[in-house]
Amino acid sequence: MIVRAVPVASPVRDAIRRRMVVAWAAAVVLGFGACRLAAHAAATLPAPAPFEELAYYPSGRALEPATLGHAESMADLAWLRAVQYYGEHRITDLRFSQMRHVFEILTTLSPSFESPCIFGAFALAQEGNDFAAAEQLMLDALERRPRSGRLAFEMGFLYFVKPGGRDLRKAAEYFELASRLPGGPPSAARFAASARQNSGDLVMAHELWVQVRASSPNRYLREIAERELERIEKAIATGRQELAVHRMSRPVVVVR
Amino acid sequence: MSMTSNPSAPNALNADHQPLAAPASGRPAAGRPGVTSDSGPAVSIRGITKHYRHPWTQKVTRGLEPLSLDVHRGEVFGYLGPNGAGKTTTLKILTGLLKPTAGTATILGVPIERVSSRTRMGFLPEQPYFYDSLTGVEYLEFVARLSGMPGREATRAARAWLAKVGLGERERQALRKYSKGMLQRLGLAAAMVHEPELLILDEPMSGLDPFGRRDVRDLILEQRERGTTVLFSSHILPDVEALCDRVAILLEGRLERVATVGDLVDGTAPAVEVRVEGGRVFEIPPRLAPVVERADAGGSTGLRLREPERLQELLAWLLAERIAVRGVTPIRPSLEQLFMAAAEKSAFHAQDVRRPA
Amino acid sequence: MIALLVARNTFREVVRDRVLLGIVVGGLLLLGVTRLASPLAMGEGLRLTVDLGLSSISWLGLLVVLTVGTALVSKEIDRRTIFNLLSRPLPRPLYLLGKWLGLTLALAAVSAILGTALWLMLAALGHAAYAGSISEAVFLANLELAVINSLAVMFSALSTPVLSALYTLGFFLGGQWCDDLRRFASHCPPGLRAMIEGAANVMPNLPLFNMRTLASGGELTTWTHLGLASAYAALYCACVLALASAAFESRDFK
């Protein structure tokens, strides 16, 4: 005969249950208190500048051993940081003091990572108003990858849209180089010829910016291209070429 | 009693630790086939020594003194000793887990330094452990194949042995769910799955309940009937007494004695105890007083006669004095008593001496 | 061959260990996270997936070696399961070989799963052509893990799991920096230079197994590179396992 046991109250189980409830309640209260305290601290204490820890990153050469053979992945992560850094400063103060440093790290870790070089150079030139830094960034990249037609082409483009005065001679040199190297766009030779002839400045500039807007996967670069295209089209439509030319010729002074 | 002082004892050695001609034992091994000292020994140990040297202090701890021993083919050989005596050390040297400091040994004629010496041998270590994630069949099949069995045969043998040790219904159960007793039985199965000619078992009864111990005893007896040589160490002396043809007693790393159980026991002085009614006042006659000890306990009195051949004389006197006799019992010392006596004689106390196992 | 029996058992044990399952799930999750993060990469999402996917295979494999490989033999010694094996006609060198082979095969299985998942993700994005470069990168990563695993097995046979993990990690770091060590040595005086170069030669040449830079761009390496890396891995592993066998032969199991 099977006798089913009648459940009886167990003082031991009750005591354990009570202790569990107390522990849970303590955890909830303490956790809530910690969250409130953190929120209060964020509201009252001075906030650190976003992404300024980038200043504490050592150079790319110093960082490379620390990547333990995963320089490409570290470069990718640095790229994500760099994009966030650019976006943050673009909507606030347009100050990109760490831009050169971050892109130097990036390009040292991964010389084959061309897009950040190109983006960094144009961001520095067009929005950071530091053409010298932009030029050096591209030159360093080309030194590491001298056979890259894409880099050569973008270097030519950089000289062509140089704020404060385009450098057609250098632009033509690099367009010609790009036409001879693998990876250079098919239009490179034509751009070189146009630059050499020193004519159709706005037309050629318009073509180059259209290419950027159509092909670049970088949203920020496409926005830069859109802005320049508006200026050039307005200049062409009104016949006031100085609008676009001034943009290209007049150095823009920025109070840092 | 040291081995070399009794030339007639089995496995006696000469001064060079070489065995004398194997004498006939006082207790023949029940006429079983294969039990003969004429074929080469299953295990032959000559001067095996094990010392441990501390790597920093260079202090030497003596684990095993020069040991020489033969285990004949087909016999069941018991290896006794207190904790730290060197039993496990000896067994591990034979199975290749420890390297001897000096000496040689052969297993079924093959020197122990050769890996092939372990092909026809099965070993059960003390408190065996296994791979948690494997099942019983997987483990037995694995070890059977390591011992040279072909794949299908190994699987078949694994299933058969698992059933034989009472674990047949747990084929698919992971070993992490096995109890201690189940693991011990699995270990036995692992030692026997490849049908070895020699079994070396270190504490095979360890962790088993009385039913389990009975099953292990039956397994050992079955192996003995097959002609397998069994060498095992144990603390459970009644089992050793019941199973073994010969027994070796090891103390402080030194072989104290090797003999048949019968010789060990027969060699001691027998006695007879006569229980008589209690409460009677009487005096043992002077002619019997030197050989009779009296002990009063409860409602009876015990008279221990050290010379059993004078039993009739004592009974006749008791009858004449009208002292009622309650019972007459021959007293035969057990192996346990002999073992304890030998241990005390060598002034060895297990709790005071730390020895490597 | 008897070593294959040990390898098969080791593989089975490792695969049934939940650690490996966690590693695979973690790797797959990481691949998913790279896709979620791709919009932040401003057009470089594909590269992010390839780089982080390949890196995760290496890092997770290293984690397995440091947690499982460094305890492979020492755990058996501590738990005394090794008694049941070495009391059989199993030569100790073949035992070590079997343990190493079993874990190496388990790592290869994990790499294959994660590598296949990575390729499937790329194929879904229209970049199925990455198959070749992914395969080569995963193959070389496996050779790298096999080399590190041989060191882990050797240390595991001689030391505790914690010390084995530290030694193995030390050799891993030294191996990643062996080129830097040689460059540093070239600036040192002759005696010190010889010592440092000697140390650099003892370290495994891990940069030899790194083609993540090429795979990042979908490029293939040469057959010469693959052949050299395979031969080096085989020789280095054999050397380390031979050293381990020499030390393991005289070890007593109390």
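Coordinates for the structure precede this section.
First, a word on what this report is: a plain description of the structure on this page. Once a new chain begins, its residue numbering starts again from 1 and follows that chain's sequence as written. Here every chain gets a letter starting at A, and every ligand a number starting at 1, in the order they are written. Two thresholds apply to this predicted model, a pLDDT of at least 70 for residue-level local features and 80 or more for giving and counting side-chain atom pairs, whereas whole-chain, interface and lining totals are computed over all residues.

1. As for the overall build of chain A
If you tally the helices and strands in chain A, you get 12 helices and 0 strands. Overall, chain A shows an N-to-C arrangement of helices and strands of α-α-α-α-α-α-α-α-α-α-α-α. Three exposure classes are used, based on other C-beta atoms lying within 10 Å of a residue's own C-beta, which is placed from the backbone: buried for 20 or more, exposed for 12 or fewer, and partly exposed in between. Taken over 256 residues, chain A has a buried fraction of 37%. Residues are defined as contacting one another if the C-beta atoms placed from their backbone atoms lie within 7 Å. Across chain A, the fraction of contacts at a sequence separation of at least 24, relative to all contacts at a separation of at least 6, is 58%. Counting from the N terminus, the helices are DSSP H or I runs at least four residues long and the strands are E runs at least two residues long.

2. Section: the interface of chain C and chain A
The interface of chain C with chain A comprises 21 residues on the first partner and 15 residues on the second. Elements with a minimum of two residues in the side of chain C that touches chain A: α3 (45–67) and α11 (212–216) of chain C. The element best represented in the side of chain C that touches chain A is α3(C), accounting for 5 residues.

3. Observations concerning α3(C)
Multiplying one less than the number of residues by 1.5 Å gives the expected span of a helix. For α3(C), spanning 23 residues, the distance from its first C-alpha to its last is 32 Å, which sits close to the expected 33 Å at 1.5 Å a residue. Counting buried residues along α3(C), 18 of its 23 residues qualify, which places the element largely inside the surrounding structure.

4. Some remarks on the nonpolar core
In plain words, the nonpolar core is the set of buried Ala, Val, Leu, Ile, Met, Phe, Trp, Tyr and Cys residues that C-beta atoms within 7 Å link up. Membership of the largest hydrophobic core comes to 138 residues, with the highest contact counts inside it found for Leu140(B), Ala189(B) and Val193(B). Among the elements that line this core, the one with the most residues is helix α7 (residues 131–158) of chain C, at 17 residues. Filtering out sequence-adjacent residues up to four positions away, Val193(B) remains in contact with Leu140(B), Val143(B), Ala144(B), Ala157(B), Ala158(B) and Trp161(B). By size, the runner-up hydrophobic cluster in this structure holds 65 residues, among which are Val83(A), Leu137(A), Ala152(A) and Met155(A).

5. Here's the deal with the packing of helix α2 (residues 18–37) of chain C against helix α6 (residues 92–124) of chain C
All names here are of chain C. A fitted line through C-alpha atoms represents every axis, and for helices the fit uses only the stretch in contact; the resulting angles, taken between N-to-C directions, go from 0 to 180 degrees. Direction vectors running N to C along α2 and α6 enclose 20°, while the axes themselves pass 10 Å from each other. As the angle between them shows, α2 and α6 are arranged roughly parallel. At the point where α2 passes α6, the crossing takes the right-handed sense. Residues Leu 20, Ile 23, Val 24, Gly 27, Leu 28, Leu 31 and Arg 35 of α2 form the contact with α6, whose participating residues are Ala 106, Val 110, Ile 113, Leu 114, Ala 117, Leu 118 and Met 121. The cut-offs work like this: below 35 degrees is roughly parallel, past 145 is roughly antiparallel, 65 to 115 is roughly perpendicular, and the gaps in between are oblique. Each crossing is labelled by how the near helix is turned from the far one, with a counterclockwise turn of less than a right angle marking it left-handed and a clockwise turn marking it right-handed.

6. Here we look at the pairing of strand β4 (residues 102–107) of chain B
All names here are of chain B. A strand pair is defined by DSSP finding two or more bridges across the two strands. The pairing of strand β1 (residues 43–53) with β4 spans 5 bridges and is classified as antiparallel. Along β4, the bridge assignment pairs Arg 46 with Thr 104. Here β4 runs beside strand β5 (residues 110–111); their pairing, made up of 2 bridges, is antiparallel. Residue pairing across strands places Thr 106 opposite Pro 111, the latter belonging to β5. The hairpin turn running from β4 into β5, its antiparallel successor, is 2 residues long, and Leu 108 in that turn takes a positive phi close to 50°.

7. Considering the sheet that holds strand β3 (residues 76–80) of chain B
Paired through their backbone hydrogen bonds, the strands of a sheet run either parallel or antiparallel. All names here are of chain B. Across the sheet, 6 strands lie side by side as β6-β7-β8-β3-β9-β10; this open sheet has mixed pairing. The sheet is open, and its two borders are formed by β6 (121–124) and β10 (254–260), each paired with just one other strand. On average, adjacent strands in this sheet sit at an angle of 15° to one another, irrespective of strand direction. Relative to the sheet, helix α1 (residues 87–94) contacts β3, β7 (198–202), β8 (229–233) and β9 (246–251), its axis offset from that of β7 by approximately 145°. Its contacts with the sheet place helix α5 (residues 210–226) against β3, β7 and β8, and it is angled at close to 150° to β8.

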